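Analysis of the macromolecular model
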Amino acid sequence: MKFSKAEIFTLLEDVKDPEIPVLSLVDLGVITKVDIDGEAVHVEMTPTFVGCPALDFMKNEVLEKLKENGITQASVSISFKEPWSSDKISEKGKAALKQFGLAPPMPAHLFTDIEVMEHVPCPRCEGTDTELKNPFGPTLCRSIHYCHTCKEAFEQFKPVS
Amino acid sequence: MNELALKELLYKIADDQLILGHRNSEWTGFGPLLEEDIAFSSMAQDKVGQSYAIYQMLNQLGEQEPDTVAFMRNANQFHNCQLVELPNGEYDFSLIRHFLYDTAEITRFDFLANSSYEPLAQLARKIKGELKYHTLHANTWIKKLGNATEESIGRLQGSLNKALPYALGIFEPSPLEQEIIASGFFAGEEVLKKQWMEKVELLLSQTQLNLPDWKTIQPVLGGRVGQHTEHLQPLLDEMSEVFRIDPSAEW
């Protein structure tokens, strides 16, 4: 095998969340394990939300990426052994989210009630004169907010434990 | 491992999630306000996705493919409680059902997080985090509308009285209840019911809604053994209409 585990992770940084093209699956925290056995590479993934409809798509993208790099014996499995939480998004990932216009999630343990999402900092102006419009958004992992300073709506990547 | 008891448990949980998920999806495009339209649609997506994950688990235990299980069975082969199959009615009924069911559901997954069947315990740990959004949503609206106007309180009270006998049907013991408990798959319906009652009492005490004495409510049973209201079969017919045109089609 010409790649080490770390190198496989680096390769997979090219695979982005289909709905957030600036965020890699590695930074999103959904790649939980890489195993190398001779010439075979096995990747373990876990979904952000159990009902995430993008999971199969992401799984195929990972396989494609490995094949592109000459790894013919590639497999991907889905596991809940190490379940995803929003705390698994890396610092780099959080910065990418913000740049994309999505407020990064607060630490999951702080999400105790809907009210704590009332004044999420705006990803554009960083102001907190914001308001929660809906804890449910256009995808399972996003909530909808409004910034009174920018006078524009924004979304947050939801905290989930 | 008592596989029969485990499957029995998994089927009823998955069937509850699928059927209520479908009912929730019927609010798409019809919500009383846009935010609620999105909320019920999102919860539908969560619940259907969670049912799919449990049907996959059943598939690994030798049952048929998730799609076949979801779309090819008739009403008497479903083990969901009758509460989840009742028509949406008006928003007040959907909201009351959402509150009563989801309070039970999150408590059930709390218990399942300690299941002796490790794949189920792992999935439950994940699902219970997601369900927090569902119960917080229900609680917020029940508190808001349960303290608002005479009309909102009256409507919720009427729906509460109608839904409670069915809600107690959630806890209808499985035919293999003792085996399920003895194997450590799940703590059992009685234990779940007790915690659920406490949570329901606590939340309703913060509203102007009256909870009748539990002893006066006659539970509606039968769902767990395949006996359903006349509302389930039409739901299944609609849900599986496209799939049944060509069950072997690749999607």
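Keep in mind that this is a model prediction, so the values were computed, not measured.

Let's talk about the overall build of chain B
If you tally the helices and strands in chain B, you get ten helices and zero strands. N-terminal to C-terminal, the α/β element order of chain B is α-α-α-α-α-α-α-α-α-α. The C-alpha radius of gyration computed for chain B amounts to 18 Å, which stays within 12% of the reference 18 Å derived for 251 residues, consistent with globular compactness. Overall size of chain B, expressed as C-alpha extent along the three principal axes, is 55 × 40 × 30 Å. The 251 residues of chain B split such that 57% are buried. Taking the contacts inside chain B whose residues are at least 6 apart along the sequence as the reference set, 80% of them involve residues at least 24 apart. A distance of 6 Å separates the average location of the 21 positive side-chain charges in chain B from that of its 36 negative side-chain charges.

A short note on the packing of helix H1 (residues 3–25) of chain B against helix H5 (residues 91–112) of chain B
All names here are of chain B. The contact between H1 and H5 brings their axes to 12 Å, and the two run at 145°. The hand of the H1/H5 crossing is left-handed. For the pair H1 and H5, the contacting residues are Leu9, Lys12, Ile13, Asp16, Gln17, Leu20 and Arg23 in the first and Arg97, Tyr101, Asp102, Glu105, Arg108, Phe109 and Leu112 in the second. Among the residues making up the contact of H1 with H5, the classes are represented as six nonpolar, one polar and seven charged.

Brief notes about the environment of B:Ala148
Looking at where B:Ala148 falls in the secondary structure, it is placed in the loop between helix H6 (118–145) and helix H7 (150–168). For the pair B:Ala148 and B:Thr207, spaced 59 residues apart in the sequence, the C-alpha separation amounts to 9.1 Å.

Points about the interface of chain B and chain A
Counting residues at the interface gives 22 residues for chain B and 26 residues for chain A. Summed over the three residues of chain B that lose the most area to chain A, namely B:Gln122, B:Lys126 and B:Tyr133, the buried surface amounts to 34% of that side. Linking chain B to chain A there are zero salt bridges. Put simply, chain B and chain A have six residue pairs in polar contact (both at pLDDT 80 or more) between them. Elements supplying a minimum of two residues to the side of chain B that touches chain A: helix H2 (34–60) and H6 of chain B. For the side of chain B that touches chain A, a count of residues per class yields eight nonpolar, nine polar and five charged.

With respect to the packing of aromatic side chains
For any pair of aromatic rings, the description consists of the separation of the ring centres together with the inter-plane angle of the planes. Residues and elements named next belong to chain B. Following the criterion strictly, the structure yields nine aromatic pairs over all chains and no others. With a centroid separation of 6.1 Å and 85° between ring planes, the pair formed by Trp27 and Tyr91 is classed as edge-to-face. Placement of the pair is Trp27 in the loop between H1 and H2 and Tyr91 in helix H5, with a sequence separation of 64 residues. In this structure Trp27 comes out as buried when scored by relative accessible area, which is 10%. Accessibility expressed as a relative area gives 14% for Tyr91, which makes it buried. Considering the side-chain rings of Phe40 and Tyr91, the 6.2 Å spacing of their centres and the 75° angle between planes classify their relative orientation as edge-to-face.

Notes on the environment of B:Leu211
All names here are of chain B. With respect to the helices and strands, the residue Leu211 is situated in the loop between helix H9 (189–204) and helix H10 (232–245). When the C-alpha atoms of Leu211 and Ala75 are compared, they prove to be 32 Å apart, with 136 residues separating the residues in sequence. Those residues in contact with Leu211 that lie beyond four places of it in its chain are Leu164, Val200, Glu201 and Leu204.

Some remarks on unusual backbone geometry
Peptide bonds are trans in most cases, and residues, glycine excluded, mostly fall at negative phi. Residue and element names in this part refer to chain A. Even without glycine at this site, Glu126 takes up a positive phi of about 65°. Within the element layout of this structure, Glu126 appears in the loop between strand E6 (102–103) and strand E7 (130–134). The backbone of Lys151 shows a phi angle near 55°, a positive value even though the residue is not glycine. Assignment of secondary structure puts Lys151 in the loop between strand E8 (142–147) and strand E9 (152–157).

Examining the domain arrangement of chain A
Residue and element names in this part refer to chain A. Each assigned domain of chain A is listed with its residue range as follows: domain 1 (5–84) and domain 2 (89–157). Taking the mean C-alpha position of each, domain 1 and domain 2 sit 26 Å from one another. Contact with domain 1, which involves twelve residues of that partner, is made by 13 residues of domain 2. Of the roughly 1100 Å² buried at the junction of domain 1 and domain 2 (both faces included), carbon and sulfur atoms supply 70%. At the boundary of domain 1 and domain 2, one finds two salt bridges. Of the charged contacts in the structure, one is a salt bridge between Lys92 and Glu13, with a shortest N-O distance of 2.7 Å. Where domain 1 packs against domain 2, one counts four residue pairs in polar contact (both at pLDDT 80 or more). Going through the elements one at a time, strand E2 (20–24) and helix H2 (25–28) are the ones with two or more residues in the side of domain 1 that touches domain 2.

Rules and cut-offs
Residues numbered from 1 in each chain as written. Chains lettered and ligands numbered in written order. Predicted model: local features only at pLDDT ≥ 70, side-chain atom pairs only at ≥ 80, totals over all residues. Heavy atoms only, no water. Helix = DSSP H or I, 4+ residues; strand = E, 2+ residues; numbered from the N terminus. Rg over C-alpha atoms; globule rule 2.2 N^0.38 Å. Buried < 20%, exposed > 50% of the residue type's maximum accessible area, 1.4 Å probe, protein only. Contact = heavy atoms within 4.5 Å. Lys, Arg positive; Asp, Glu negative; His and termini not counted. Charge placed at Lys NZ, Arg CZ, Asp CG, Glu CD. Axes fitted to C-alpha atoms, helices over the stretch in contact; angles between N-to-C directions. Left-handed = near helix turned anticlockwise from the far one by under 90°. Nonpolar A, V, L, I, M, F, W, Y, C, P; charged D, E, K, R; others polar. Buried area = accessible area lost by both parts, 1.4 Å probe. Salt bridge = Lys/Arg side-chain N within 4 Å of Asp/Glu carboxyl O. Polar contact = N/O pair within 3.5 Å; in protein donor to acceptor, adjacent residues only side chain to side chain. Phe/Tyr/Trp six-rings, centres within 6.5 Å; stacked < 30°, edge-to-face > 60°. Domains from an automatic or database assignment.

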